[in-house]
Amino acid sequence: MIFLRRYWVVGLVLAMVVIHAAIISYVRSQVARLKNVQSTTVTVGSFQFQSATDRSTVYSFQLHAIVDPQRRHFAEETLMQTELEIHEQIEQLLRQSPPELFKDPTQTVLRDRLMEVLMGQISEPVVQRVLITDWLELPVSNFPIADLAASDP
C-alpha cells in the first residue's frame, strides 16, 4: 500500500505515455494505408477541334474516365490498347456535333456521347463516367494555323 501511495503519479504518467504512443501508431498506420490508394481516374487524352458548322471557334479540353476501382488496371490497359481508335471516334463525333452542344454549361449531352464512344471500345463496363476538364473556347484569330495542324491527338 505504501508503494502505491509513493508511485501512483509515476504509474499515471507511464499509462498516459503508453496510451499516447498507441494512438499515434494507429493514426500513422492509417495514413500510410491511405497513401497507397490509387486514383480511379484515367486520362483519355486532350483534344483541340473545330466544329464543321462553326469555323470561328476552336475548342480544347482534357477527357478523363472514372473507372471501377477493382478493375482499374484492366481499364487502363484497355484504354491504352484502343487509344487511337478512341481518339479517332471522339474527334469525328466532336467535328460533326452541332455548336449548340458545346454551349451547354453542364455538358451533359456531350459527356453522354463521349461515354458511348468509350463504352463502344471497351468490352466490359468498367468506365463509370467521364470528366471534362480544362475546357476552352477560343476564337480562331487567337490560334496560329501551324498550332491547329500540330494539335495533340
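Residues numbered from 1 in each chain as written. Predicted model: local features only at pLDDT ≥ 70, side-chain atom pairs only at ≥ 80, totals over all residues. Heavy atoms only, no water.

Undergrad: Hey, could you go over the sheet that holds strand 1 (residues 41-49) for me, with residue numbers and the actual values?
TA: Within the open sheet, the three strands sit side by side as 1-2-3. Their pairing is antiparallel. With partners counted over all chains shown, the strands left at the sheet margins are strand 1 and strand 3 (127-139), one partner each. Strand-to-strand twist of the sheet, defined as the mean angle between neighbouring strand axes without regard to direction, takes the value 15°. Bridge count for strand 1 against strand 2 (residues 57-67) is eight bridges, and the pairing is antiparallel. From the neighbouring strand, Phe49 faces strand 2, where its bridge partner is Tyr59. On top of the sheet, helix 3 (residues 83-96) reaches strand 1 and strand 2; it is set at about 45° to strand 1, its chief contact. (Pairing = 2+ DSSP bridges. Helix = DSSP H or I, 4+ residues; strand = E, 2+ residues; numbered from the N terminus. Axes fitted to C-alpha atoms, helices over the stretch in contact; angles between N-to-C directions. Contact = heavy atoms within 4.5 Å.)

Undergrad: Please set out helix 1 (residues 2-35) residue by residue, giving values where relevant.
TA: Count 3.6 residues to each turn of an α-helix, and residues three or four apart come out pointing the same way. Relative to the 50 Å expected for 34 residues at 1.5 Å per residue, helix 1 spans 50 Å between its end C-alpha atoms, a close match to the ideal helical length. In the structure, helix 1 departs most strongly from a straight axis at Trp8, where the bend amounts to approximately 55°. Burial within helix 1 is sparse, with just zero of its 34 residues counted as buried. (Expected span 1.5 Å × (residues − 1). Bend = angle between axes of the 7 residues up to and from the residue. Buried < 20%, exposed > 50% of the residue type's maximum accessible area, 1.4 Å probe, protein only.)

Undergrad: Give a detailed account of the packing of helix 3 against helix 5 (residues 108-121), specifying residues and quantitative values.
TA: A pair of packed helices is characterised by two quantities: the angle between their axes and the separation of those axes. At their nearest, the axes of helix 3 and helix 5 sit 10 Å apart, and the two run at 150° to each other. Taken together, the axis directions place helix 3 and helix 5 in an arrangement best described as roughly antiparallel. In the crossing of helix 3 with helix 5, the sense of the turn from one axis to the other is right-handed. Of the residues in helix 5, those in contact with Glu85, Ile86, Gln89, Ile90, Leu93 and Leu94 of helix 3 are Leu110, Arg113, Leu114, Val117, Leu118 and Gln121. Class assignment for the residues of the contact of helix 3 with helix 5 results in eight nonpolar, two polar and two charged. (Parallel < 35°, antiparallel > 145°, perpendicular 65-115°, else oblique. Left-handed = near helix turned anticlockwise from the far one by under 90°. Nonpolar A, V, L, I, M, F, W, Y, C, P; charged D, E, K, R; others polar.)

Undergrad: Quick rundown of the nonpolar core? Include the residues and the values.
TA: By size, the foremost hydrophobic cluster in this structure holds 27 residues, and its most contacted members are Phe61, Leu63, Ile90, Leu94, Leu114, Leu118 and Val127. Contributing elements (two or more residues each) for this core: strand 1, strand 2, helix 2 (72-81), helix 3, helix 4 (100-103), helix 5 and strand 3. If sequence neighbours within four positions are ignored, Leu118 has contacts with Val44, Ala65, Leu79, Ile86, Val127 and Val130. (Core = buried A, V, L, I, M, F, W, Y, C linked by side-chain atoms within 4.5 Å.)

Undergrad: Would you mind going over the packing of helix 2 against helix 3 in detail, with residue names and values included?
TA: Running from N to C, helix 2 and helix 3 point in directions that differ by 70°, and their axes come no closer than 4 Å. Regarding the angle of helix 2 to helix 3, the classification is roughly perpendicular. Here Leu79, Met80 and Gln81 of helix 2 come into contact with helix 3, specifically with Glu83, Glu85 and Ile86.

Undergrad: Outline the pattern of salt bridges, listing residues and values.
TA: In total, this model carries three salt bridges according to the counting rule given. The residue Glu76 makes a salt bridge to Arg72 at a minimum N-O spacing of 2.7 Å. Taken as a pair, Glu76 and Arg72 lie in helix 2 at a separation of four residues, close to a single helical turn. Given the relative accessible area of 15%, Arg72 is considered buried. Here Glu137 ties to Lys103 by a salt bridge, and the two come within 3.5 Å at their closest N and O atoms. A residue pair is termed long-range when its members are at least 10 positions apart, and Glu137 in strand 3 and Lys103 in helix 4 qualify at 34 residues. (Salt bridge = Lys/Arg side-chain N within 4 Å of Asp/Glu carboxyl O.)

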